[in-house]
Amino acid sequence: MKTEHESKWAGRRLTQAQSNPFAYTDSNKRYYTYDYYLKRTFGGKCAKIPLDAGFTCPNIDGRCGTGGCIYCSGRGSGDFAREASVPLREQYELTRAALSSKWDTTRCIPYFQAHTNTYAPLAVLKEKYEEALTFPGVVGMNIATRADCLPRDTVAYLGALSQRTVLTVELGLQSCHDDTAARINRGHTWKQFLEGYHRLREDGAPILRCVHLIFGLPGEDDEAMLETVRRVAALRPDQVKIHLLHVLRGTVLGDMYERGEYEPLSRERYISLVARALTLLPPETVIGRLTGDGMAEALLAPDWSRRKVTVLNDIDKLMVENRWVQGIYADEILKK
Ligand code: SF4
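The structure presented is a predicted model; accordingly, all values stated were derived computationally and were not measured.

Engineer: When you look at the environment of Tyr-270 in this model, what are you seeing that I'm missing?
Structural biologist: Relative to the assigned elements, Tyr-270 resides in helix α10 (residues 267-280). For Tyr-270 and Thr-291, which are 21 residues apart along the polypeptide, the C-alpha to C-alpha distance reads 9.4 Å. Residues in contact with Tyr-270, not counting those within four places in the same chain, are Phe-215, Ile-242, His-243, Leu-244, Leu-265, Leu-290, Thr-291, Trp-304 and Val-311.

Engineer: Help me understand the nonpolar core in this model?
Structural biologist: Within the largest apolar cluster, 66 residues are counted, with the highest numbers of intra-cluster contacts made by Phe-112, Tyr-129, Leu-158, Phe-193, Phe-215 and Tyr-270. Tallying contributions element by element places α10 first for this core, with eight residues. Once you skip the residues sitting within four places of it in the chain, Tyr-129 turns out to touch Phe-112, Asn-117, Thr-118, Met-141, Ile-143, Tyr-157, Leu-158 and Leu-161.

Engineer: Would you mind showing me how to read the pairing of strand β2 (residues 108-112) here?
Structural biologist: Remember that side chains alternate between the two faces of the sheet whenever the strand is regular. For β2, the buried fraction is high: five of the five residues fall into the buried class. Here β2 shows no split at all, with Cys-108, Pro-110 and Phe-112 on one side and Ile-109 and Tyr-111 on the other all buried. Note that strand β1 (residues 47-51) and β2 share five bridges and pair parallel. Within β2, the position partnered with Pro-50 by the bridge is Tyr-111. When β2 meets strand β3 (residues 140-145), the two strands line up parallel, connected through two bridges. What sits directly across from Phe-112, in β3, is Ile-143. You can see the chain leave β2, run along helix α4 (residues 122-133) and come back into β3, and the turn it takes is right-handed.

Engineer: Just checking my understanding: could you explain the packing of α4 against helix α5 (residues 152-162) for this structure?
Structural biologist: Helix-helix packing: each pair is described by the crossing angle between the helix axes and the interaxial distance. Where α4 meets α5, the closest approach of the two axes is 11 Å, and the angle between their N-to-C directions is 15 degrees. In terms of orientation, α4 and α5 fall into the roughly parallel class. The two elements α4 and α5 meet at a crossing, and its hand is right-handed. On α5, the residues touching Leu-122, Leu-125, Lys-126, Tyr-129, Glu-130 and Leu-133 of α4 are Asp-153, Thr-154, Tyr-157, Leu-158 and Leu-161. Residue composition of the contact of α4 with α5, by class: seven nonpolar, one polar and three charged.

Engineer: What should I look at first to understand the packing of α10 against helix α11 (residues 308-321) in this one?
Structural biologist: Between α10 and α11, the shortest axis-to-axis distance is 9 Å and the interhelical angle comes to 55 degrees. Taken as axis vectors, α10 and α11 run oblique relative to one another. Here α10 runs over α11; the crossing is right-handed. Counting all contacts with α10, which are made through Arg-267, Tyr-270, Ile-271, Ser-272, Val-274, Ala-275 and Leu-278, the residues of α11 involved are Thr-310, Val-311, Asp-314, Ile-315, Leu-318 and Met-319. Broken down by class, the residue content of the contact of α10 with α11 amounts to nine nonpolar, two polar and two charged.

Engineer: Can you help me understand the sheet that holds β2 in this one?
Structural biologist: Pairing between the strands of a sheet comes from backbone hydrogen bonds, and it takes one of two forms, parallel or antiparallel. Read from one edge of the open sheet, seven strands run β1-β2-β3-β4-β5-β6-β8, paired in parallel fashion. At either end of the open sheet lies a strand with only one pairing partner, and these are β1 and β8 (286-289). The mean inter-strand angle of the sheet, taken between neighbouring strand axes irrespective of direction, is 25 degrees. Alignment of strand β4 (residues 166-174) against strand β5 (residues 208-215), held across six bridges, turns out to be parallel. Residue pairing across strands places Glu-170 opposite Cys-210, the latter belonging to β5. Against the sheet, helix α3 (residues 88-99) engages β1 and β2, with an angle of about 140 degrees to β1.

Engineer: Quick question: what am I supposed to make of unusual backbone geometry here?
Structural biologist: Of note, the bond from Ala-301 into Pro-302 is cis; its omega dihedral lies within 30 degrees of zero at -5 degrees. Residue placement: Pro-302 occurs in the loop between β9 (299-301) and α11. Phi at Gln-174 takes a positive value of approximately 75 degrees, unusual for a residue other than glycine. Phi is positive for Arg-323, which is not a glycine, with a value near 55 degrees. Turning to its location among the elements, Arg-323 is positioned in the loop between α11 and α12 (331-335).

Engineer: Help me out: how do you make sense of the site of the ligand in this one?
Structural biologist: Taken together, 10 residues are adjacent to the ligand, and Cys-57, Gly-68, Cys-69, Cys-72 and Arg-146 come closest. Partitioned by chemical class, the residues of the shell around the ligand number four nonpolar, four polar and two charged.

Engineer: Can you help me understand the pattern of salt bridges in this one?
Structural biologist: Any two side chains of opposite charge can pair, so long as their charged atoms come close to each other. Tallied over the full model, the rule gives 22 salt bridges. Residues Glu-227 and Arg-230 are paired through a salt bridge, measuring 3.4 Å at the closest nitrogen-oxygen approach. Of the two residues, Glu-227 and Arg-230 are both situated in helix α8 (residues 222-234); the distance of three residues between them amounts to about one turn of the helix. You can call Glu-227 partly exposed: its relative accessible area is 24%. A residue is classified by how much of its surface remains accessible, and Arg-230, at 23% relative accessible area, is partly exposed. For Lys-335, the salt bridge identified is with Glu-332, shortest N-O distance 2.8 Å.

Reading guide: rules and limits
Residues numbered from 1 in each chain as written. Predicted model: local features only at pLDDT ≥ 70, side-chain atom pairs only at ≥ 80, totals over all residues. Heavy atoms only, no water. Helix = DSSP H or I, 4+ residues; strand = E, 2+ residues; numbered from the N terminus. Contact = heavy atoms within 4.5 Å. Core = buried A, V, L, I, M, F, W, Y, C linked by side-chain atoms within 4.5 Å. Buried < 20%, exposed > 50% of the residue type's maximum accessible area, 1.4 Å probe, protein only. Pairing = 2+ DSSP bridges. Right-handed = clockwise from strand over helix to strand, strands pointing away. Axes fitted to C-alpha atoms, helices over the stretch in contact; angles between N-to-C directions. Parallel < 35°, antiparallel > 145°, perpendicular 65-115°, else oblique. Left-handed = near helix turned anticlockwise from the far one by under 90°. Nonpolar A, V, L, I, M, F, W, Y, C, P; charged D, E, K, R; others polar. Near = heavy atom within 4 Å. Salt bridge = Lys/Arg side-chain N within 4 Å of Asp/Glu carboxyl O.

Given below as structure tokens:
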């Protein structure tokens, strides 16, 4: 028997978008893109404005480690934000003005991105987040942090905040494997990640949870990476971001690479891994990213990652060739 989708288009010459059987899309993408989520949630594209609020990280200042994750740039993943010495409102306005020549910036989402954005006393956090809510055009807020930096008072406040705006908390997991976490000096375990992840929803507040993963971490084979995807899929996160591990000059990983101790993923392997990962993630999980943005001038490898659009296109092609859509193999995982 034909599916409703097949019956609708039977006998016609179809574009890839029309023949796409995936439910959460209005294009040729066979996964739930962030753009599609923005359209459904806010009525159209939104500009995400990266901010550096001047926080540090417990994996740098000694609370749980020093030196940081081996791939961490000095800016704590906030390389596209303005310097923390620039007042928050000014950072927001400068970036919004810069983006407005290319994009519609009517709707904006301030993104507390650099370092660990819940790693400060609650009074300090409140001051920064409340200020950001008053910026013109704000429709939501994203806060990037570590799952081991979510004390109960902070989570209670975030819960209240999520009643006032569309709040997404982005948690760096990277890998579910504790031996990998130790190898990359991550400073927390899978168990600690789970505690923070679940605490965010303990009181039923509508905080959206986004989980970051990295493919290509030292010592991981395909099965290890896909096992992380399966475990995360079982948690049914609201959003997932998949990053390619970028080797940046001046990092511990950069030194390893230059000594020949680390080999980055090939383009073909990354594309295959991402496409397979998509088949395992729940169809309702928004895919926030499928590649990372490394700082071009500091990027040592992989060089192929500079051509991001072609990578995304080849992920699409592989999905079509295999008749894959997001979540096609997720049922078994979600039943558990
Ligand atoms: S948790 Fe983030 S900010 Fe902290 S060391 Fe790791 S990458 Fe850098």
